[in-house]
Amino acid sequence: MRLFNNPTSSRSPSHLLRLVIMLAYHTQLTGPVNGGRAVGRSTCDMVTDYLLKKGYRRTEEIFRQEVKDIDENGKPREHSDPSAPNKFLPAGKYLGAFKHFARWVDNGIDLYKFELSKLLWPLFIYSYLRLVGQGSYAHAQEFLEQIRGRFEKTHPDELKTLAVMTLSQHVRENAFAKVYLENQYIIPISKSLTGHLFHFLERDLEQCGAIVLDIIQQHCRVDSVDRGPIEPFSFEAIYRRARHQDLDEVDIQEGIPGISYRSGLANRNILDNAAALKLGPLPLEPDLRSDVIAELEEEDRRHEPPPDGVPTLVEEFNVMHSIKKESGDSPQRTDIPYPPSRARDVVMEMQKVRENRDRFRIEGRTGGIGPAISVCMLTFHNHLSSIACIDFSRDQELVAVGTTESYIRVWSMNGKALKSRVPGEENLKVNNRKLIGHSGPVYTVAFSDSIANLDHNIYEDECKSRPETDSNLLLSCSYDGQVRLWSLDTWSCLCIYRGHDGPVSALSWSPHGHYFVTGGWDKTVRVWSQDHASAQRLLVGHDTMISAVTWHPNGTYVFSASDETDTTIRMWSVLTGHPVRIFTGHAEYISALECAPNGKILASADIAGNIFLWDIEKGTRIKRCRGHGRNGIWSLSFSVESNVLVSGGQDNTVRVWDVEMPAEGSRPANQQDGDGTIVATGGQPDGKQAGQTTQPASGATSGAGKRKGKEVMITPDQISAFPTKKTPVLKVQFTRMNLVLASGCYYPEIQDAAR
């Protein structure tokens, strides 16, 4: 050992290494006597410790390679030892081989990535177990540190187990390692990919092929499957999901017996719920901004100055569309292409500013007591249980219903005659029209954006007609798998959008128009542009049918919910088509979704009577609101300030909720329930007269009311409830002036009989 005291010795390092190895071999194989005890493996440890101390890392690694087939007793290692494969490959090549193979998978054709990525986990875990098992601890640690980030989200528990296996003895004794080393890892791959894979491994034999092939040969079993490539967006994957065939028999066998993880065909995407989001408002188009400001300045000059404390229209516009606000966490205007602005857009933005200034304001936290919100209820009679969905136009001029008899009917809410540009119908005076085209029940109808028009033509000097700001388009989706775009000028179908494999259950217009989103029974969400017959984005990730969809106010994200089997809510980026948040917590069918105007809060409701409020940025639940009975909450809507939520449900009530009131934990101390709820009482469904406010009670119960022997639980954040007369509420909507519109269908004896 004194040979290494002088690093500048005339002997070459390789010659000195050979002497050390010979000494170590002789010591281990002959077992020199030292006081009657065999030195054995400790000599090798002394040598490696000395080499590492002096900085001879490369020499230490070569030394380990030379003595790796010697066990602790100084005898040749038996080949049956699972931690020591028959063929030892250079330890320094495992990291480079994995990176080379992973780079080939990541940079390959998208159609192949999904299946080829199945090999990465077994390649990773067997490489690490080999390195540790053969004593290449330095290389094993480096390998784990550099590669583990790829699997942090999918295998967190396995990585924790691997991190504590740092000695070859651990590999031999650890139950987790034994499972992998004593069983073959089954990898199902399409036949078309098998040849592609092995051709690459043979071609790049030196870079990674030798190690990958050796691991596959000793530890894996590649099952060649006669099917097309499988990846989340392939036709075969979508076809199988639509028929509840997410996993073939061979896919169920993937992996190690007893290990439940599979590569992803179960369609549970794992993602980073802390990824940065752009939740700010979408900036206005520069030309549109300048045009709107110019016209608002003219409007301010046309009218007398507003009363003290009331801002001018220009001042209100600058608050609504602050450049600082739009330049913060807002998306870029150019991220999503929109048509250029028109005169109609200028007038609509002007009117939005006016209505925002003149609205009924709901300031600050209400404390569960106020404000005095008004609800206008429209009830449909003599409908014969045929109405499936309802929607109001944003200018409060029209209401549309979709029926189970496959037609749509549109009414004028003020009773005036509907406009028509059909030749010969100039003098037709009717206040409702029927739209026929679907061949199955209509599940959702949605009006395009609209607003009350100006009382004068701002383009009169330019000899232009006054731009129309009413709803001129209507979308509908149906059991027949079609999405139809209807003209409310000619009362005819303009376009049929086909793409879903099965019924289309939900749709919603983008806040800025032009785009809309749909969800169907085929478990897919699709983003469409009204001037394209095919979907612009196909969003795949849910395990069951889509029950509700909605948009983020800036139009950059969409939300979708799945039924009672999946019960997840996913937030998708329209730009990339990838999920950016997953919200879990519902246990029942999710029946309604709504995003707050401030873009920070998402509300969801289910058929169990629960309303969940979610923090979008954090991806966490804020609180649960309870008060509705079971059987469904069909509609949600936020106030302009985003601090009040209104809901309508199957229990014949419209309920108003304080969004900013603290979560369930803030309740009277003497309540004994575990959910932050109080028991409502009285003769009405929740024990109050119409519009009566609900305040936290001082005891566990505040009266004597029950519904068929079941207590109706109400959280303290309910502001008020408006019972109807046997009318389940299908639609609620806050107007831009903070008035609530609600609508439902009157069920007289039918509902009593059901009870």
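Residues numbered from 1 in each chain as written. Predicted model: local features only at pLDDT ≥ 70, side-chain atom pairs only at ≥ 80, totals over all residues. Heavy atoms only, no water.

**Description of the overall build of the protein chain**
Working step 1: Counting its regular elements, the protein chain contains 19 helices and 33 strands.
Working step 2: In the protein chain, buried positions account for 52% of the 755 residues.
Working step 3: For the protein chain, contacts bridging at least 24 residues in sequence account for 63% of all contacts bridging at least 6.
Working step 4: For the protein chain, the computed accessible surface area is about 34,400 Å², with 51% contributed by carbon and sulfur atoms. (Helix = DSSP H or I, 4+ residues; strand = E, 2+ residues; numbered from the N terminus. Buried < 20%, exposed > 50% of the residue type's maximum accessible area, 1.4 Å probe, protein only. Contact = heavy atoms within 4.5 Å. Areas by Shrake-Rupley, 256 points an atom, 1.4 Å probe, with all protein chains shown as cover.)

**Quick word on the packing of aromatic side chains**
Working step 1: Summed over the entire model, instances satisfying the criterion amount to 23 aromatic pairs.
Working step 2: Measuring from centroid to centroid gives 6.3 Å for Tyr180 and Tyr185, while their planes differ by 20 degrees, and the two rings are stacked. This pair shows no difference in class: Tyr180 is buried, exactly as Tyr185 is.
Working step 3: Note on Phe612 and Trp614: the rings are 5.7 Å apart at their centroids and 70 degrees apart in plane angle, and the pair reads as edge-to-face.
Working step 4: The exposure class of Phe612 is buried, given its relative accessible area of 2%.
Working step 5: Each residue in the set Phe98, Trp121, Phe124, Phe143 and Phe151 is aromatic and connected to the rest through ring pairs, giving one cluster.
Working step 6: Between Lys434 and the ring centre of Tyr407, over which it is positioned, the NZ or CZ distance is 4.2 Å.
Working step 7: Positioned over the ring face of Phe612 is Arg621, at 4.6 Å from the centre of the ring. (Phe/Tyr/Trp six-rings, centres within 6.5 Å; stacked < 30°, edge-to-face > 60°. Lys NZ or Arg CZ within 6 Å of the ring centre and 35° of its normal.)

**Concerning the sheet that holds strand β32 (residues 729–734)**
Working step 1: Pairing is mixed in the open sheet, where three strands are placed in the order β5-β33-β32. At either margin of the open sheet sits one strand with a lone partner, and together these are β5 (375–380) and β32. Recorded for the sheet is a direction-independent mean angle of 15 degrees between the axes of neighbouring strands.
Working step 2: Here β5 pairs with strand β33 (residues 740–745) via six bridges, running parallel. Considered in β33, the bridge of Met377 is made with Ala742. (Pairing = 2+ DSSP bridges. Axes fitted to C-alpha atoms, helices over the stretch in contact; angles between N-to-C directions.)

**A few points about the state of the cysteines**
Working step 1: Under the criterion given, the structure shown has zero disulfides.
Working step 2: Left unpaired, Cys493 is separated from the closest cysteine sulfur, that of Cys495, by 7.1 Å. (Disulfide = S-S within 2.5 Å.)

**Some words on the pattern of salt bridges**
Working step 1: All told, the structure shown has 23 salt bridges when counted by the stated rule.
Working step 2: A salt bridge links Lys419 to Asp489; the shortest N-O distance between them is 2.9 Å. Linking Lys419 in the loop between β8 (407–412) and β9 (432–436) with Asp489 in the loop between β12 (482–487) and β13 (492–498), this pair joins segments that are 70 residues apart in sequence.
Working step 3: With a relative accessible area of 28%, Lys419 lands in the partly exposed category. (Salt bridge = Lys/Arg side-chain N within 4 Å of Asp/Glu carboxyl O.)

**A look at the packing of helix α15 (residues 286–302) against helix α16 (residues 313–320)**
Working step 1: Between α15 and α16, the shortest axis-to-axis distance is 8 Å and the interhelical angle comes to 150 degrees. Accordingly, the angle class assigned to the pair α15 and α16 is roughly antiparallel. Residues Arg289, Val292, Ile293, Leu296, Glu297, Glu299 and Asp300 of α15 pack against Leu313, Val314 and Phe317 of α16.
Working step 2: A class-by-class count of the residues in the contact of α15 with α16 yields six nonpolar, no polar and four charged. (Parallel < 35°, antiparallel > 145°, perpendicular 65-115°, else oblique. Nonpolar A, V, L, I, M, F, W, Y, C, P; charged D, E, K, R; others polar.)

**Re the side chain of Thr727**
Working step 1: Counting through the fold element by element, Thr727 comes out in the loop between β31 (718–723) and β32.
Working step 2: Residue class for Thr727 comes out buried when judged on its relative accessible area of 2%.
Working step 3: At a separation of 3.1 Å, a polar atom in the side chain of Thr727 contacts the main-chain carbonyl oxygen of Lys725.
Working step 4: Each residue touching Thr727, except ones within four places of it in the same chain, is listed here: Met377, Thr379, Asn652, Gly744, Cys745 and Tyr746. (Polar contact = N/O pair within 3.5 Å; in protein donor to acceptor, adjacent residues only side chain to side chain.)

**A few points about helix α4 (residues 93–106)**
Working step 1: Compared with the 20 Å implied by 1.5 Å per residue over 14 residues, the 20 Å span of α4 between its first and last C-alpha is a close match.
Working step 2: All of the buried residues along α4 are Tyr94, Leu95, Ala97, Phe98, His100, Phe101, Ala102, Trp104 and Val105. (Expected span 1.5 Å × (residues − 1).)

**Overview of the sheet that holds strand β16 (residues 524–529)**
Working step 1: If you trace the four strands from one edge of the open sheet to the other, you get β14-β15-β16-β17, paired in antiparallel fashion. Each having just a single partner strand, β14 (504–509) and β17 (537–540) make up the two edges of the open sheet. Each adjacent strand pair in this sheet contributes to an overall mean axis angle of 20 degrees, direction not counted.
Working step 2: Pairing of β14 with strand β15 (residues 515–520), which is carried by five bridges, proceeds in the antiparallel orientation. Within the sheet, the bridge partner assigned to Leu507 lies in β15 and is Thr518.

**Digging into the environment of Trp657**
Working step 1: Within the fold, Trp657 resides in strand β28 (residues 653–658).
Working step 2: Residue Trp657 is classed as buried on the basis of its relative accessible area, which comes to 1%.
Working step 3: The spacing of Trp657 and Ser647 is 10 residues in sequence and 8.1 Å in space, taken between C-alpha atoms.

By themselves, these observations are geometric and do not establish any function.
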